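Structural overview
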Amino acid sequence: ALAAGAIDAYFVGEPHAAAIANYLAAREAELPDVAAILTGYRRDPAIADRLARDLVARAPDAAAANAALGALWSVLDDPARARSAWQAAVDASPEPAFVRGLADACARAGDPDAALIHGTSAAAAAGDPAPEWTSLSRVLEGVGSHQHALEAARSAIDLAGRDVLAFALDAQQRDLARHLV
């Protein structure tokens, strides 16, 4: 399991430590060597890349290890590494959660078209696709891909039940207001 102390040691005295620990724990990201990876990343990201490859090679589930690394790179605001790790996770096992992670990573890496393509796959695999589209809409909006966010929000509205409809309509209204200003 994720060692919160390792993250605290990496971000000594920084407020990000608790946020990173919570982010990874919420995604059930298990990184046994997270302290070494974080220390290597701080010194030189190439060191972290080598340690990450070693971790995946030793992992009993390479897809889950890559997904955990994707979550780590995301929280460290390294969209290229995050996208690469999430893609490796999907290549090893196209589980819906991994595809959703890849869609978000594509959006954060500045490729909203790929985000929508992967978002379509994630939504199709979900029991209820509207929350998937709503979530992707928020990520796209957050990175400034307003038109793509609006497209994702429209898909959410088309597929939404009563519990998600208000969030999807709110996202669409925000996007429209930005375009009119």
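Shown above is the structure to which this text applies.
Described in the following lines is the structure provided in the data block. (Residues numbered from 1 in each chain as written. Predicted model: local features only at pLDDT ≥ 70, side-chain atom pairs only at ≥ 80, totals over all residues. Heavy atoms only, no water.)

Attention now goes to the overall build of the protein chain. Looking only at helices and strands, the protein chain has 11 helices and 0 strands in total. Of the regular secondary structure in the protein chain, the N- to C-terminal order runs α-α-α-α-α-α-α-α-α-α-α. Across the 181 residues that make up the protein chain, the buried fraction comes to 44%. Of the contacts made within the protein chain by residues no fewer than 6 positions apart, 50% connect residues no fewer than 24 positions apart. (Helix = DSSP H or I, 4+ residues; strand = E, 2+ residues; numbered from the N terminus. Buried < 20%, exposed > 50% of the residue type's maximum accessible area, 1.4 Å probe, protein only. Contact = heavy atoms within 4.5 Å.)

Okay, the packing of helix α5 (residues 62–75) against helix α6 (residues 79–92) next. Look at α5 against α6: their axes get within 8 Å of each other, and the N-to-C directions meet at 160°. On the basis of their axis angle, the class for α5 and α6 is roughly antiparallel. The two elements α5 and α6 meet at a crossing, and its hand is left-handed. The residues of α6 that touch α5, namely those facing Ala63, Asn66, Ala67, Leu69, Gly70, Ala71, Trp73 and Ser74, are Arg81, Ala82, Ala85, Trp86, Ala88, Ala89 and Ala92. (Axes fitted to C-alpha atoms, helices over the stretch in contact; angles between N-to-C directions. Parallel < 35°, antiparallel > 145°, perpendicular 65-115°, else oblique. Left-handed = near helix turned anticlockwise from the far one by under 90°.)

In this section: the environment of Ala52. Residue position: Ala52 is located in helix α4 (residues 45–58). On the basis of relative accessibility, which here comes to 8%, the residue Ala52 falls in the buried class. Those residues in contact with Ala52, other than ones at most four positions away along the chain, are Ile37, Leu69 and Trp73.

Okay, the side chain of Asp78 next. Along the chain, the position of Asp78 falls in the loop between α5 and α6. We classify Asp78 as buried; its relative accessible area is 9%. Side-chain polar atoms of Asp78 contact the side chain of Tyr41, separated by 2.8 Å. Once residues lying within four places of it in the same chain are set aside, the contact partners of Asp78 are Tyr41 and Trp73. (Polar contact = N/O pair within 3.5 Å; in protein donor to acceptor, adjacent residues only side chain to side chain.)

Our next topic: the packing of aromatic side chains. Taken as a whole, this structure holds 1 aromatic pair when the rule is applied. On the basis of an interplanar angle of 35° and a centroid distance of 5.4 Å, the ring pair of Tyr41 and Trp73 is categorised as tilted. With a gap of 32 residues between them, Tyr41 in helix α3 (residues 34–43) and Trp73 in helix α5 connect regions that are remote in the sequence. Each member of the pair, Tyr41 as well as Trp73, carries the same accessibility label: buried. (Phe/Tyr/Trp six-rings, centres within 6.5 Å; stacked < 30°, edge-to-face > 60°.)

Tallied over the full model, the rule gives 1 cavity of 30 Å³ or more. Reported here for the largest cavity is a volume of approximately 50 Å³. Lining the largest cavity we find Arg100, Ala103, Asp104, Gly119, Ala122, Glu132, Ser135 and Leu136. Breaking the lining of the largest cavity down by element, the ones donating at least two residues are α7 (96–108), α8 (112–125) and α9 (129–142). Taken together, the residues of the lining of the largest cavity sort by class into 3 nonpolar, 2 polar and 3 charged. (1 Å grid on protein atoms, 1.4 Å probe; cavity = no way out; pocket = protein on both sides within 12 Å on 5 of 7 lines; lining within 4 Å. Points joined across faces, edges and corners; volume = space filled by probe spheres on them. Nonpolar A, V, L, I, M, F, W, Y, C, P; charged D, E, K, R; others polar.)

This part covers α8. Given a rise of 1.5 Å per residue, 14 residues ought to cover 20 Å, and the 20 Å separating the end C-alpha atoms of α8 matches this to within 8%. Within α8 the residues assigned to the buried category are Pro112, Ala114, Ala115, Leu116, His118, Gly119, Ala122 and Ala123. On its buried face, α8 sits against α6, α7, α9 and α10 (146–159). (Expected span 1.5 Å × (residues − 1).)

Read these as spatial facts, not as claims about activity.
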